[in-house]
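# Report on the structure
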Amino acid sequence: MERCVAESFLLSADQVHAVHPNYTSKHEQGFQPALNGGVAIKHNSNQRYATTAVGAAMVRELARRNGIPIQEVMVRNDSPCGSTIGPIISANTAIRTVDLGCPQLSMHSIREMGGAEDPYNAVKLYGAFYEQFAGIDASTKDDGAIDSEEE
């Protein structure tokens, strides 16, 4: 069982708040996801998401190898935000976890909207994860560095 958990990896797939043009200051500079910009990896300095630096690097490498656009999101640490089941599952099982999702505007309103290309890119990323992640995981060195050579 320990080996199974140690070799497991969870993509906690949810949605992401895209940067709103009227409230750009709510996101950290360089971490402002746009519609049709690709799946966004979620980061939060207040540990509202389970993403780690190594886990994010592994997902970025998977996207790079498959030509899938990826972006990063981080709400400012002085701004409240929701959470996902990622931190709960990760804390209770010790399974490595990355929180990610498709950006959308007006989340939880009757006028939610997202980019038409993002779900397509999410399906490509999730399919590549199932087909290729074991190889990327195996290429990860003890220090977290990833051998980025093509397989």
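Residues numbered from 1 in each chain as written. Predicted model: local features only at pLDDT ≥ 70, side-chain atom pairs only at ≥ 80, totals over all residues. Heavy atoms only, no water.

### Description of the side chain of aspartate 99
- The residue aspartate 99 is located in strand E4 (residues 96-105) in this model.
- With no salt bridge to any partner, buried aspartate 99 finds its closest opposite charge in lysine 42, at an N-O distance of 5.4 Å.
- Within the structure, aspartate 99 has its side chain in polar contact with the side chain of serine 12 (distance 2.8 Å). (Helix = DSSP H or I, 4+ residues; strand = E, 2+ residues; numbered from the N terminus. Buried < 20%, exposed > 50% of the residue type's maximum accessible area, 1.4 Å probe, protein only. Lys, Arg positive; Asp, Glu negative; His and termini not counted. Salt bridge = Lys/Arg side-chain N within 4 Å of Asp/Glu carboxyl O. Polar contact = N/O pair within 3.5 Å; in protein donor to acceptor, adjacent residues only side chain to side chain.)

### Overview of the pattern of salt bridges
- Within the structure shown, the criterion is met by five salt bridges.
- A salt bridge links glutamate 61 to arginine 65; the nearest nitrogen and oxygen atoms lie 2.8 Å apart. In this pair, glutamate 61 and arginine 65 both sit in helix H2 (residues 53-66), four residues apart, roughly one turn of the helix.
- Judged by relative accessible area, which is 13%, arginine 65 ranks as buried.
- Linking aspartate 137 and arginine 96 is a salt bridge whose minimum nitrogen-to-oxygen distance equals 2.8 Å. Residue aspartate 137 is found in helix H4 (residues 117-138), and its partner arginine 96 is found in strand E4; the two are separated by 41 residues along the sequence.
- In the salt-bridge network here, residues are joined through shared partners; they are Glu61, Arg64 and Arg65.

It is worth stressing that arrangement in space is one thing and function is another; only the former is reported here.
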